[in-house]
Amino acid sequence: MTQKTGCQNECMGGGCSGETGKQMTESFKASDLIITPATTFKEKPDPTGLVFGTVFTDNMLTIEWSLASGWEKPYIKPLENLSLHPASSALHYAIEPRGQTEENLVSLLWLNEYTLFEGMKAYRGVDGKIRLFRPALNMDRMARSARRTTLPSFDQNELLECIRKLVEVEQEWVPYSTSASLYIRPTLIGTEPSLGVKKPTKALLYVILSPVGPYFASGSFNPISLWADPKYVRAWKGGTGDCKVGGNYGSALYAQQEALEFGCQQVLWLYGEDHQITEVGTMNLFLYWINEDGENELATPPLDGIILPGVTRQSILDLARNWGEFKVSERYITMSDLTAALEENRVKEMFGAGTACVVCPISKILYKGKHLHVPTMENGPELTTRFLNKLSDIQYGREDSDWAVLVS
C-alpha cells in the first residue's frame with residue numbers, strides 16, 4: 001500500500017505547491033522478502049552450555065524506513081555489523097540515564113525514544129516441529145511501543161511472516177532440546193543523522209536470533225533473592241513503563257549492580273510513597289496468597305501505565321482464569337501488604353514471569369535492612385511449577401494449543 005506524502009520543501013507562509021509529493025510505502029510486505037543467506041556457517045553450540053544472548057545465528061532480517069520513501073523491501077542476509085552515522089538518534093537518546101530517582105526521570109522521558117525491541121522465542125517440539133508462542137501479542141506490543149516513541153508503524157502480520165521466514169531459514173539453530181530455545185530479538189531504532197530531539201525521518205527494523213538456555217546462571221528453576229529499595233524506580237506514571245523501549249532497561253542497570261552488592265540477584269521495583277510492588281528485574285510479578293478476605297488469590301499488579309504487558313503474564317492470567325480454582329486479580333500490592341501477609345503465614349508462592357525465564361520462584365527479599373523469607377519453595381512450589389509445566393508443554397508441542405504457531 002502506498003500513500004502520497006506531504007511536501008518535503010518546508011514551504012513558507014504562502015502555501016504549499018505540493019510539487020514534490022512522493023509515493024511512500026506504508027508497510028513492507030513479506031511477499032517482497034529478498035533472501036540472500038550466508039554461504040559460510042558457524043558451528044552450532046551445545047545447548048547445555050548456552051549463555052543468554054552471547055551466540056548468534058548466521059543470518060538476520062533488516063528493513064529500512066525513511067519519511068521520504070516509507071518502508072523498503074525486507075532482506076534476509078548474513079549477520080553483519082550495523083553501519084550508523086555517529087549522530088544517529090538511537091545512539092544518543094535511549095539508555096543514558098542510570099540509577100535515577102523518580103524526580104529526575106520525569107525530565108528525561110525523551111531519552112527513551114528511538115530504540116525499542118521485542119523478545120520472543122522459537123521452540124523445537126518433541127515432534128520435531130518448530131513453534132512460536134503467541135507471537136501476535138509481541139507484534140501488538142511492538143506496534144504500541146513504536147507509536148509511543150514516534151517510530152514508524154508497520155503491518156504486524158507482515159513482520160510476523162518475515163520473522164517466520166527468518167526462523168525457517170535458520171531452523172537448524174533452534175536447539176534440539178526441551179530446555180533450550182531460539183531467542184528472537186526484533187529491534188526498531190531511529191537512524192536520523194541529527195542531534196536534534198525530534199521525530200526521526202529514518203529508521204531501521206532488524207531481527208537477530210540467538211540460541212539460549214536458562215536465563216539465570218543459577219538454573220532455570222532455582223529461587224532468586226530480591227533487593228527492594230524505593231530510592232530507585234523502573235517506571236513512572238506518564239512515562240514508557242508499559243512499552244518495551246531501551247531506556248527502561250539501560251536505566252535499571254545501576255540499581256541492578258547495587259542489588260548484587262547486597263548479595264541479591266534481582267531488583268524488586270517499588271513505586272510511590274506506599275511502596276507498591278511493580279516488577280521483578282525485567283519480569284512481571286505474581287503473588288499467590290490468602291488475601292485480606294481469606295480467599296486464595298493469584299495477584300499481579302494492574303496495567304496502569306508503569307507495568308509492561310508481558311506475554312507470559314497474560315498467558316498465566318488466561319490459564320488461571322480458565323482453571324477457575326482460585327481468585328485471579330490485577331490489583332495493587334504494597335510492601336506493607338506483603339510483610340503483613342508473611343508475618344501471618346498467608347503467603348504461599350511468589351514468582352516472576354517473562355519470556356526469557358518463563359517463571360522464576362522468589363525466596364528472599366531484602367527490604368529496609370531486613371531479610372524477608374518467602375516460602376515459595378516450601379509450598380512446592382505447586383502453582384509456579386504447574387504454570388511452568390503447562391506453558392512448556394504448549395511451547396514444546398506436548399500439548400496442542402492455538403497459542404502455538406507452527407514455523408515448520
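Just above sits the structure.
To keep things clear, this report deals only with the structure shown in the data block.

Definitions and limits used
- Residues numbered from 1 in each chain as written.
- Predicted model: local features only at pLDDT ≥ 70, side-chain atom pairs only at ≥ 80, totals over all residues.
- Heavy atoms only, no water.
- 1 Å grid on protein atoms, 1.4 Å probe; cavity = no way out; pocket = protein on both sides within 12 Å on 5 of 7 lines; lining within 4 Å.
- Points joined across faces, edges and corners; volume = space filled by probe spheres on them.
- Helix = DSSP H or I, 4+ residues; strand = E, 2+ residues; numbered from the N terminus.
- Nonpolar A, V, L, I, M, F, W, Y, C, P; charged D, E, K, R; others polar.
- Buried < 20%, exposed > 50% of the residue type's maximum accessible area, 1.4 Å probe, protein only.
- Core = buried A, V, L, I, M, F, W, Y, C linked by side-chain atoms within 4.5 Å.
- Contact = heavy atoms within 4.5 Å.
- Salt bridge = Lys/Arg side-chain N within 4 Å of Asp/Glu carboxyl O.
- Axes fitted to C-alpha atoms, helices over the stretch in contact; angles between N-to-C directions.
- Parallel < 35°, antiparallel > 145°, perpendicular 65-115°, else oblique.
- Left-handed = near helix turned anticlockwise from the far one by under 90°.

## So, empty space enclosed by the protein
Right, on to step 1. Overall, the coordinates contain 5 cavities of 30 Å³ or more when judged by the stated rule.
Right, on to step 2. By volume, the largest cavity is sized at about 80 Å³.
Right, on to step 3. Along its surface, the largest cavity is lined by Met-120, Lys-121, Tyr-123, Phe-133, Asn-138, Val-311, Thr-312, Gly-354, Thr-355, Val-358 and Gln-395.
Right, on to step 4. Broken down by secondary-structure element, the contributors of at least two residues to the lining of the largest cavity are strand 8 (120–124) and helix 7 (311–323).
Right, on to step 5. Take the lining of the largest cavity: its biggest share by element is 3 residues, from strand 8.
Right, on to step 6. In terms of residue class, the lining of the largest cavity is made up of 5 nonpolar, 5 polar and 1 charged.

## Focus: unusual backbone geometry
Right, on to step 1. Cis geometry marks the peptide bond from Gly-380 to Pro-381; its omega dihedral reads -5°.
Right, on to step 2. Looking at where Pro-381 falls in the secondary structure, it is placed in the loop between strand 20 (370–373) and helix 9 (382–395).
Right, on to step 3. With a phi angle near 60°, Thr-150 is a residue other than glycine that sits in the positive phi range.
Right, on to step 4. Here Thr-150 lies in the loop between helix 3 (135–148) and helix 4 (156–169).
Right, on to step 5. Look at Thr-150 and you get partly exposed, because its relative accessible area is 27%.
Right, on to step 6. Not every positive phi belongs to a glycine, and His-275 is a case in point at roughly 55°.
Right, on to step 7. Here His-275 lies in the loop between strand 13 (266–271) and strand 14 (276–280).

## Structural notes on the nonpolar core
A general tendency of soluble globular proteins is for nonpolar side chains to be buried together.
Right, on to step 1. Ranked by size, the top nonpolar core spans 37 residues in total, and within it Leu-61, Phe-154, Leu-159, Ile-184, Leu-188 and Leu-205 carry the most contacts.
Right, on to step 2. At the level of elements, strand 4 (59–66), strand 8, strand 9 (130–133), helix 3, helix 4, strand 10 (181–190) and strand 11 (202–212) are the ones that each hand at least two residues to this core.
Right, on to step 3. In terms of residues, this core owes the most to one element, helix 4, which gives 6 residues.
Right, on to step 4. Excluding anything up to four places from it in sequence, Leu-61 contacts Leu-33, Pro-74, Tyr-75, Ile-76, Leu-159, Cys-162, Ile-163, Leu-166, Leu-205, Tyr-206 and Val-207.

## Some remarks on the pattern of salt bridges
Right, on to step 1. One pass over the structure, following the stated rule, counts 19 salt bridges.
Right, on to step 2. In this structure, Arg-141 engages Glu-118 in a salt bridge whose closest nitrogen and oxygen atoms are separated by 2.7 Å. With Arg-141 in helix 3 and Glu-118 in the loop between strand 7 (115–117) and strand 8, the pair connects residues that are 23 residues apart, well separated along the chain.
Right, on to step 3. What makes Glu-118 buried here is its relative accessible area of 0%.
Right, on to step 4. Among the ionic pairs, Arg-386 bridges to Glu-325, the shortest N-O distance being 2.8 Å. Of the two residues, Arg-386 sits in helix 9 while Glu-325 sits in the loop between helix 7 and strand 17 (327–330), which places them 61 residues apart along the sequence.
Right, on to step 5. Here the residues in one salt-bridge network are Glu-161, Arg-164 and Glu-168, joined through shared partners.

## A short note on the packing of helix 3 against helix 4
Right, on to step 1. Where helix 3 contacts helix 4, the two axes come as close as 10 Å, and the packing angle between them is 125°. In terms of axis orientation, helix 3 runs oblique to helix 4. The crossing of helix 3 and helix 4 is right-handed. Across the interface between the two elements, Pro-135, Met-139, Asp-140, Met-142 and Ala-143 from helix 3 touch Gln-156, Leu-159, Leu-160 and Ile-163 from helix 4.

## Structural notes on the side chain of Thr-334
Right, on to step 1. Relative to the elements of secondary structure, Thr-334 occurs in the loop between strand 17 and helix 8 (335–343).
Right, on to step 2. Overall, Thr-334 belongs to the buried group, its relative accessible area being 9%.
Right, on to step 3. In this structure, Thr-334 is in contact with Asp-274, His-275, Gln-276 and Ile-277, ignoring residues within four places of it in sequence.

By themselves these figures say nothing about function.
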